[in-house]
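# An overview of the molecular structure
Read off the chains here:
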Amino acid sequence: VAVNDLFVFLLLFAAIGIGWFLGRRQAQAKLQTADFPSQYYRGLNYLLDGRSDGAVDAFIEALEVNSETLDTHIALGNLLRKRGEVERAIRVHQNLLARPSLPRHRLHEAHLELARDYISAGLLDRAERLLLDLCGEAGSLRATAQRHLLDIYRSEREWQQAIAVATDMLPRKTLLGNSTEGAGPGQAVSIALSHFRCELAREKLESGEIQAARNLLRETLQQEPGCVRASLMLGEVEHVSGNYRQAIKALRAIRRQDPGYLTEAVGLLRQCHAQLGEEVELARWLLECVQDAPSSLLVLAVAEDVQQAEGIQAASAFLAAQLADNPSLWGVGRLIGLQRGASQGSAREDLDVLQILVDRLSAQSPAYRCDHCGYSSRKLHWFCPGCKYWGTIKNIRGAALD
Ligand SMILES: [Zn+2]
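## Considerations on the coordination of the zinc ion
- All of the protein donors around the zinc ion are C370 (SG), C373 (SG), C384 (SG) and C387 (SG); their distances to the metal are 2.2 to 2.3 Å.
- Metal-centred angles of 102 to 112 degrees between the four donor atoms at the zinc ion mark the site as tetrahedral.
- Coordination of the zinc ion draws on donor residues from a single chain, spaced C-x2-C-x10-C-x2-C in sequence.
- The exposure class assigned to C370 is buried, which follows from its relative accessible area of 4%.
- The class of C373 is partly exposed, set by a relative accessible area of 39%.

## Some details on the pattern of salt bridges
- What the rule picks out here adds up to 27 salt bridges.
- For R229, the salt bridge is made with E199, and the minimal N-O distance between the two is 3.0 Å. You can see R229 sitting in helix α12 (residues 228-240) and its partner E199 sitting in helix α10 (residues 189-206), a full 30 residues away along the chain.
- For K394, the salt bridge identified is with D371, shortest N-O distance 3.2 Å. A residue pair is termed long-range when its members are at least 10 positions apart, and K394 in strand β3 (residues 393-395) and D371 in the loop between β1 (368-370) and β2 (376-377) qualify at 23 residues.

## Notes on the sheet that holds β3
- Spatially, the three strands line up as an open sheet ordered β2-β1-β3, and their pairing is antiparallel. With partners counted over all chains shown, the strands left at the sheet margins are β2 and β3, one partner each.
- Both β1 and β2 contribute to a ladder of two bridges, which runs antiparallel. Each residue of the ladder has a partner; that of Y368, found in β2, is S377.

## Examining the side chain of S231
- Checked against the element boundaries, S231 lands in helix α12.
- At 2.9 Å, the side chain of S231 forms a polar contact with the side chain of Q257.
- Not counting chain neighbours up to four residues away, the residues in contact with S231 comprise L221, A250, L251, A253, I254 and Q257.

## Thoughts on the packing of aromatic side chains
- Following the criterion strictly, the structure yields five aromatic pairs and no others.
- Here the aromatic rings of F196 and W390 are separated by 5.7 Å at their centres, their planes lie at 90 degrees, and the arrangement is edge-to-face. Taken together, the positions of F196 in helix α10 and W390 in the loop between β2 and β3 put the pair 194 residues apart, joining distant regions of the chain.
- A relative accessible area of 2% places F196 in the buried class.
- Here the aromatic residues W159, F196, F383 and W390 are joined through ring pairs into a cluster of three or more.

## Notes on the packing of α12 against helix α15 (residues 262-276)
- The N-to-C vectors of α12 and α15 enclose an angle of 20 degrees; their axes lie 11 Å apart at closest approach. With respect to their mutual orientation, α12 and α15 come out roughly parallel. Judged by the twist between their axes, the crossing of α12 over α15 is left-handed. Counting all contacts with α12, which are made through L232, G235, E236 and H239, the residues of α15 involved are E264, A265, L268, Q271 and C272.
- Considered class by class, the residues forming the contact of α12 with α15 number four nonpolar, three polar and two charged.

## Examining empty space enclosed by the protein
- Under the counting rule described, the total for this entry stands at one cavity of 30 Å³ or more.
- The computed volume of the largest cavity comes to approximately 70 Å³.
- Along its surface, the largest cavity is lined by eleven residues, and S295, S296, V299, N326 and S328 are the ones closest to its centre.
- Within the lining of the largest cavity, the residues separate by chemical class into five nonpolar, six polar and no charged.

## Observations concerning the environment of L319
- Relative to the elements of secondary structure, L319 occurs in helix α18 (residues 312-325).
- Excluding residues that lie within four positions of it along the chain, L319 makes contacts with V299, L300, A303, G331, R334, L335 and L338.

## A few points about unusual backbone geometry
- The phi dihedral of R157 falls on the positive side, at around 55 degrees, and the residue is not glycine.
- Take R157: it is sitting in the loop between α8 (139-155) and α9 (159-169).
- In this model, K388 sits at a positive phi of 60 degrees, which is unusual for a non-glycine residue.
- Relative to the elements of secondary structure, K388 occurs in the loop between β2 and β3.
- The partly exposed category is assigned to K388, whose relative accessible area is 43%.

Calculation notes
Residues numbered from 1 in each chain as written. Predicted model: local features only at pLDDT ≥ 70, side-chain atom pairs only at ≥ 80, totals over all residues. Heavy atoms only, no water. Donors = N, O, S within 2.8 Å, 3.2 Å for Na, K, Ca; no water. Tetrahedral: all angles 85-135°; square planar, octahedral: opposite > 155°, others 65-115°. Buried < 20%, exposed > 50% of the residue type's maximum accessible area, 1.4 Å probe, protein only. Salt bridge = Lys/Arg side-chain N within 4 Å of Asp/Glu carboxyl O. Helix = DSSP H or I, 4+ residues; strand = E, 2+ residues; numbered from the N terminus. Pairing = 2+ DSSP bridges. Polar contact = N/O pair within 3.5 Å; in protein donor to acceptor, adjacent residues only side chain to side chain. Contact = heavy atoms within 4.5 Å. Phe/Tyr/Trp six-rings, centres within 6.5 Å; stacked < 30°, edge-to-face > 60°. Axes fitted to C-alpha atoms, helices over the stretch in contact; angles between N-to-C directions. Parallel < 35°, antiparallel > 145°, perpendicular 65-115°, else oblique. Left-handed = near helix turned anticlockwise from the far one by under 90°. Nonpolar A, V, L, I, M, F, W, Y, C, P; charged D, E, K, R; others polar. 1 Å grid on protein atoms, 1.4 Å probe; cavity = no way out; pocket = protein on both sides within 12 Å on 5 of 7 lines; lining within 4 Å. Points joined across faces, edges and corners; volume = space filled by probe spheres on them.

What is shown is where atoms sit, not what they do.
The following block contains the structure:
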């Protein structure tokens, strides 16, 4: 075993040596040296697969830390983290911080990596402390630290803090890239910020602080006028407060923000209009919405109104006319349902069979999908777990063709 350990140790040493040499050559060619060649990583990975734990530890202790070997230590720590050996990664990175002789900006790099180790290990408090320190620094390091902090606050649902960091990151920054011009990858911070405010407003609403919720939502709409979620929630707040006209006003804004979300508002709109005894008014408005942005779910909502007011035959006629322009499985299902209600005998039995088939087909399609990454789900989430974007998940059954 001891001989085997020695062997792995020597191989590691050789690998690091080659990496260092390549890094130096790159430096001479005035290239970025922060990223090691992938071949070198592969080799290191391979060696780590066959090693015994003692070899790596011995290696860490043996390789002197100075500004020239620093990249190697950081890279080794990162590699260990990627392999899920977080404790060992923490030890490698911590080992670097114990060398105050290193230049300040290099120490900060080690700080950042250590924070990432802590995040991987779920030690979010410790990560937060390190990242807050780094936020006091300038440049891209600070921006990176802020993005990690936002991730932590989001997963911990610390909306107040998330709002503070995001506000500080405004304007023009994005959530992923290093760009300060707003052109980089990732979603605009301002979008995330509006959702943090909505999350906080939700908490306020649930704890009965209606005015605080209202203020947050108004502030959101002032800064991000296209925020559908804030309009929906403001409608909810006004409805809860008995301000039905205000609620209707807030909800109707969705028509110009993003008509794809109107179906989310129909239920609440119905309640408000019913309170005011103005159901006809809503039916007329919904019909207008359907005409300028066809959506099968809205069509269904209008068909319901028509059925209430004029009966099954009128509703069927309306639905059939709409389906001719914008065919949808859901619409067909609803049409069959209406016809079933008005038929008897063998015609009714045939329609029963059709209804089951169509229902089964529509049950197979997901109701919601993320515009950005395609993640699909049964219900509306404002935060996409797939791509970590806010407000990109939409009702695809409401689309013109589904
Ligand atoms: Zn997504």
